[in-house]
Amino acid sequence: KVAILGVPDGRNSANPGSSDAPDVIRQQLYSLARIPGKSKIIDLGNMKQGVTFSDTLAGLTDILCTLLKENILPVIIGGSSALVSAIDRSFTFLKTRYTLVSVDPRVDYSNNPDALDSFSYLNKIIGNHKSTFSQYINIGYQTYLNDQQVLNRFVRRHSELLRIGDVRQAIYLTEPLFRDSDAAIFDISAVRQSDAPGTAVPSPNGFYGEEICLLSRYAGISDNLKVFGLFDVNPGLDIRYQTTGLAAQIIWFFLEGFS
């Protein structure tokens, strides 16, 4: 029912050290308790890094298409959020309209044409007229990290943008948003630095560890979800496995919700 897939590639991002994340997260994940229930889960190991970043995206797209055709839910352990482009390509290849929910302090769209892919993957998705992308939902954006013009642009597109303060006041209200989404993307920088220091662009504000795990469980409970991804964990910036340990717990709660 579920396939765990590591993608050790941090190129085209502000977080190249994220390429080391999949193996370290796995060590933490396998030290946790057994997932309750009888859902069959396979670990496919790590995808080989392409010669170029475009090769990695092409390979990841092929793998996702194969799994989605078999009705198997991929759990992607990144790598950086620049890899989200492969998720868009796979849905587009399968001619499936999809809604993307992102737990991220930033709306990853940039008015700067030179912006790194991890901060601007939405540019490529929205700019691709063949894309089957339907709607964007952001949970937990932080106003001071975002260009107001970008936020206005997405509001005009009828995107759902939920500020961190509003989400934390009534976190249970996010559950229907996950229920209606086809792909869920978690950026570890959505968690406050004190709980998850191991990322290239941490923020002193953000979700607590318990809150991000609850959001992950909501994603797992969703009947509609077809792809789950956790990105931008950088073990080289971590303190005593704190961030990779939290990342493992995020995945554990997703799998527990799924089962």
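Rules of the game
- Residues numbered from 1 in each chain as written.
- Predicted model: local features only at pLDDT ≥ 70, side-chain atom pairs only at ≥ 80, totals over all residues.
- Heavy atoms only, no water.
- Salt bridge = Lys/Arg side-chain N within 4 Å of Asp/Glu carboxyl O.
- Helix = DSSP H or I, 4+ residues; strand = E, 2+ residues; numbered from the N terminus.
- Buried < 20%, exposed > 50% of the residue type's maximum accessible area, 1.4 Å probe, protein only.
- Contact = heavy atoms within 4.5 Å.
- Core = buried A, V, L, I, M, F, W, Y, C linked by side-chain atoms within 4.5 Å.
- Pairing = 2+ DSSP bridges.
- Axes fitted to C-alpha atoms, helices over the stretch in contact; angles between N-to-C directions.
- Parallel < 35°, antiparallel > 145°, perpendicular 65-115°, else oblique.
- Left-handed = near helix turned anticlockwise from the far one by under 90°.
- Nonpolar A, V, L, I, M, F, W, Y, C, P; charged D, E, K, R; others polar.

**Digging into the pattern of salt bridges**
Taken as a whole, this structure holds 8 salt bridges when the rule is applied. Two residues, Arg26 and Asp23, come together in a salt bridge whose shortest N-O distance is 3.5 Å. Of this pair, Arg26 and Asp23 both sit in helix H1 (residues 21-29), separated by 3 residues, roughly a single helical turn. Note on Asp23: relative accessible area 42%, which makes it partly exposed. A salt bridge links Arg168 to Glu211, with the shortest nitrogen-to-oxygen separation between them at 3.0 Å. Residue Arg168 is found in helix H6 (residues 164-169), and its partner Glu211 is found in helix H8 (residues 209-221); the two are separated by 43 residues along the sequence.

**A look at helix H4 (residues 117-127)**
Here H4 has its buried residues at Asp117, Ser118, Ser120, Tyr121, Leu122, Ile125 and Ile126. Looking at the buried residues of H4, the elements they touch are helix H2 (53-69), helix H3 (84-93), strand S4 (98-103), strand S5 (133-141) and helix H5 (148-156).

**What about the environment of Ile4?**
Inspection of the secondary structure assignment puts Ile4 in strand S1 (residues 2-7). A residue is classified by how much of its surface remains accessible, and Ile4, at 4% relative accessible area, is buried. Along the primary structure Ile4 and Gly229 are separated by 225 residues, whereas in three dimensions their C-alpha atoms are 9.8 Å apart. Not counting chain neighbours up to four residues away, the residues in contact with Ile4 comprise Leu29, Ile41, Ile42, Asp43, Leu44, Gly45, Val75, Ile77 and Leu255.

**A few points about the nonpolar core**
Buried together is how nonpolar side chains tend to be arranged in soluble globular proteins. If you look at the biggest cluster of nonpolar residues, it comprises 42 residues, and the most contacted ones within it are Ile139, Phe178, Phe186, Ile212, Leu215 and Phe228. It is helix H9 (residues 242-258) that contributes the most residues to this core, 8 residues altogether. The contact partners of Leu215, leaving out residues within four places of it in the chain, are Val103, Ile139, Ile171, Thr174, Phe178, Phe186 and Phe207. In this structure, Leu64, Ile125, Leu151 and Phe231 belong to the second largest nonpolar core, which totals 34 residues.

**What about the sheet that holds strand S3 (residues 73-78)?**
In space, the 8 strands of this open sheet follow the order S2-S1-S3-S8-S7-S4-S5-S6, with parallel pairing throughout. On the outer flanks of this sheet lie strand S2 (41-46) and strand S6 (160-163), each paired with one strand and no other. Taking the axes of each pair of neighbouring strands and ignoring which way they run, one obtains an average angle of 15 degrees across the sheet. Across 4 bridges, the pairing between S4 and strand S7 (residues 183-187) is parallel. Across the sheet, the residue bridging to Val101 is Ala184, located in S7.

**Let's talk about the packing of H3 against H4**
Packing of H3 against H4 leaves a shortest axis separation of 9 Å and a crossing angle of 20 degrees. Relative to H4, the element H3 lies roughly parallel. Handedness of the crossing formed by H3 with H4: right-handed. For the pair H3 and H4, the contacting residues are Val84, Ser85 and Asp88 in the first and Tyr121, Lys124 and Ile125 in the second. Residues that form the contact of H3 with H4 fall into these classes: 3 nonpolar, 1 polar and 2 charged.

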